[in-house]
Amino acid sequence: MTARPFLPAGLIKRIAWGRHSLRASVLAYLAVLLIIPLLVILRDGLQEGLTGFWQTISQPVAWHALTLTLWTSAVMVIINTVMGTLTAYVLVRYEFAGKALLNAIVDLPLAIPTLVTGVMLVILYGPQQALGGWLDHTLGWRIIFAPPGIILALLFITFPLVVRAVQPVLLNLDREQEYAAATLGAGPWTIFRRVTLPALALPMSSGALLSFARAIGEFGAIIIVAGNIPLYTQTAAVFVFGEVESENRAGASAMSIIMVAIALGLILGVEWLQQRQERKSVA
Amino acid sequence: MINVTKMRRSVVQPARSAGVWRRQLLIGLVFGYVGFLIIAPLAGLVSGAFSEGIGAIVSALSQPDVLAAFWQTLLIAFIVVGLHTIFGTMLAWVLVRDTFPGKRLLNALVDMPFAVSAVVVGYMLLLLFGRNGVLAPLLAMFDIKVAFAMPGMILATLFVTLPFMVRELMPVLKNFGIQQEQAAATLGASGWQTFWLVTFPALRWGFVYGIILTFARALGEFGAVLVIGGGIQGRTETATLYIFRALDERMYVGAYSAALVLGLCSLLLVLGTELFRRWRE
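As the structure is a prediction and not an experimental result, all values here were calculated from the model.

1. Focus on the overall build of chain A
Then comes step 1: Each helix and strand counted, chain A has twelve helices and zero strands in total.
Then comes step 2: Taking 19 Å as the expected radius of gyration for a compact globule of 283 residues, we find that chain A reaches 24 Å, considerably beyond that expectation.
Then comes step 3: On the principal axes, the C-alpha backbone points of chain A span a range of 75 × 60 × 35 Å.
Then comes step 4: Each of the 283 residues in chain A was classed as buried or not, and the buried ones make up 41%.

Printed below as a string of structure tokens:
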């Protein structure tokens with residue numbers, strides 16, 4: 001900013017003009033790609049007013065799809081947060097053979113299309129397959145075309161999110177407090193719980209929220225793994241797909257609004273958490 | 001003296017062996033989880049594709065409809081990468097360098113495609129461009145087809161891949177700072193010259209990573225393309241849509257081998273980039 005006065009006046013004018021046209025074209029791009037589509041869905045879903053919206057959502061099939069999505073995602077978030085934090089801890093604190101390989105494998109789910117993830121799980125756990133058939137017959141565990149398949153698919157897809165949120169923070173964590181706790185006689189579990197864990201709370205929660213956001217909208221893996229059985233395995237995204245196919249706009253729009261609202265809330269939450277983390281690491 | 005060392009050893013040793021035991025348990029737990037969650041399904045896919053031999057894979061993949069589907073996917077991915085390289089750069093520049101009210105909200109909105117369901121993305125585009133869509137009269141006037149055609153599928157893929165380029169470029173741009181650009185400007189360089197000769201070379205690795213990640217994500221898009229494109233065989237069927245149809249029609253070898261090829265492509269792209277990035281750092 002202080003360098004500004006040295007620039008010739010004509011140049012400043014030119015830069016300002018270029019800046020405004022650039023800003024305008026970027027805003028136009030975002031408006032066409034992102035904001036107008038989101039507004040159209042809002043308009044369509046609220047056409048019948050809030051009571052119409054509520055009536056559509058509270059119908060048994062829609063309501064079941066929504067609650068199924070929420071509870072399977074919640075179960076996934078709990079498991080993923082624990083295992084993701086543990087994986088990050090092992091990757092940062094321990095040296096062992098195969099560490100670089102493990103670190104690379106963590107990124108795998110980000111690379112694989114989620115539809116392919118679904119195909120992989122069906123091959124492994126499908127009722128006609130060796131492992132899936134055995135689980136079904138001897139233990140009575142149905143995984144494919146049942147809620148456990150949904151949770152498994154979501155776990156696969158979101159695995160990197162918590163690991164990659166926690167890992168850098170853990171890497172930069174000052175270990176002096178842990179050493180101090182150790183010299184004061186605290187056991188390893190107490191140190192982890194009372195010293196390390198509180199320092200990781202922010203990245204863990206932003207990773208968890210991000211996983212949840214990702215899980216709410218997942219479609220490709222779930223339609224393969226869980227199918228489209230209303231009142232049993234039909235999730236919110238699959239519900240929207242069915243309503244679009246049968247040209248039922250009211251149902252599709254109402255459910256879409258809820259999903260977009262959840263996504264927006266979670267993304268803003270993650271943004272807020274990340275900013276707090278940045279401020280914390282600067283301070 | 002001897003007694004002290006003995007005492008110390010008796011205090012330290014058990015603690016350390018407990019530490020080793022705990023360490024091994026945790027590492028084993030992580031490897032077990034990753035093996036069960038990621039490696040086992042991956043091995044399943046490979047064995048499923050190869051279940052009828054490599055000849056079956058080759059003949060399944062060389063069907064004309066499969067080739068057409070893969071070609072469609074590649075075409076969409078290339079166009080999307082091209083557009084995002086241009087607009088993603090502009091967007092990243094504005095988000096880093098410009099200041100205006102509402103910038104933070106805009107910054108958060110860029111991540112929205114990460115969380116909005118692909119089906120909802122396709123549906124939004126259908127509401128805009130579909131038969132009864134908001135823009136239907138306008139499209140009819142100029143005789144442009146967007147829904148159930150290539151432009152719609154490109155728009156859908158553009159939406160879902162929006163964050164990748166921007167998020168790769170932003171940190172690089174932030175670290176690069178503004179001094180060199182200002183120096184170039186005071187020495188009389190035009191805006192374009194400054195960009196091509198100063199900013200672009202500094203960003204080039206960001207570009208490479210952004211392009212690869214966008215490309216990989218575009219290859220795998222399914223839900224949005226299914227809803228807006230309809231998966232019409234021979235016309236709007238991409239590789240993922242072919243896999244979906246092949247499973248439905250019980251052509252398992254075709255579905256599994258196409259899934260394997262698609263998975264391997266994205267895998268090599270993303271892991272290759274990741275390894276290269278680590279090697280360069």
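2. Focus on the nonpolar core
Here is a general trend for soluble globular proteins: nonpolar side chains tend to be buried in one another's company.
Then comes step 1: Core analysis: the largest hydrophobic core is formed by 164 residues, its most contacted members being Val-119, Val-240 and Ala-263 of chain A together with Ile-243 of chain B.
Then comes step 2: It is helix 7 (residues 147-172) of chain A that provides the largest number of residues to this core, a total of 15 residues.

3. What about the interface of chain A and chain B?
Then comes step 1: Taken residue by residue, the interface counts 67 residues in chain A and 69 residues in chain B.
Then comes step 2: Take the side of chain A that touches chain B: its biggest share by element is 16 residues, from helix 1 (residues 9-45) of chain A.
Then comes step 3: Counted by class, the side of chain A that touches chain B contains 54 nonpolar, seven polar and six charged residues.

4. Focus: the confidence of the model for chain A
Then comes step 1: Taken over all residues, the pLDDT of chain A has a mean of 89, while the share at 70 or more is 94%.
Then comes step 2: Contacts from residues 1-5 of chain A, a stretch scored under 50 in pLDDT, to residues over four places away or in other chains number one contact.

5. Describing the packing of helix 9 (residues 179-186) of chain B against helix 10 (residues 191-220) of chain B
All names here are of chain B.
Then comes step 1: Where helix 9 contacts helix 10, the two axes come as close as 10 Å, and the packing angle between them is 145°. At the point where helix 9 passes helix 10, the crossing takes the right-handed sense. Where helix 9 abuts helix 10, its residues Gln-180, Glu-181, Ala-184 and Ala-185 lie against Thr-194, Leu-197, Val-198 and Thr-199.
Then comes step 2: Across the contact of helix 9 with helix 10, the residue classes tally to four nonpolar, three polar and one charged.

6. Section: unusual backbone geometry
Then comes step 1: Despite not being glycine, Leu-231 of chain A shows a phi value in the positive range, around 65°.
Then comes step 2: Examined against the element boundaries, Leu-231 of chain A turns out to sit in the loop between helix 10 (220-225) and helix 11 (236-245).
Then comes step 3: On the basis of neighbour count, Leu-231 of chain A is assigned to the exposed category, with 11 C-beta atoms found within 10 Å.
Then comes step 4: A positive phi angle is found at Asp-143 of chain B, which is not glycine, with a value near 55°.
Then comes step 5: Relative to the helices and strands, Asp-143 of chain B resides in the loop between helix 7 (136-142) and helix 8 (150-176).
Then comes step 6: Among the residues examined, Asp-143 of chain B registers 6 C-beta atoms within 10 Å and is labelled exposed.

Criteria and thresholds
Residues numbered from 1 in each chain as written. Chains lettered and ligands numbered in written order. Predicted model: local features only at pLDDT ≥ 70, side-chain atom pairs only at ≥ 80, totals over all residues. Helix = DSSP H or I, 4+ residues; strand = E, 2+ residues; numbered from the N terminus. Rg over C-alpha atoms; globule rule 2.2 N^0.38 Å. Buried ≥ 20, exposed ≤ 12 C-beta atoms within 10 Å, placed from the backbone. Core = buried A, V, L, I, M, F, W, Y, C linked by C-beta atoms within 7 Å. Contact = placed C-beta atoms within 7 Å. Nonpolar A, V, L, I, M, F, W, Y, C, P; charged D, E, K, R; others polar. pLDDT = per-residue confidence, 0-100. Axes fitted to C-alpha atoms, helices over the stretch in contact; angles between N-to-C directions. Left-handed = near helix turned anticlockwise from the far one by under 90°.

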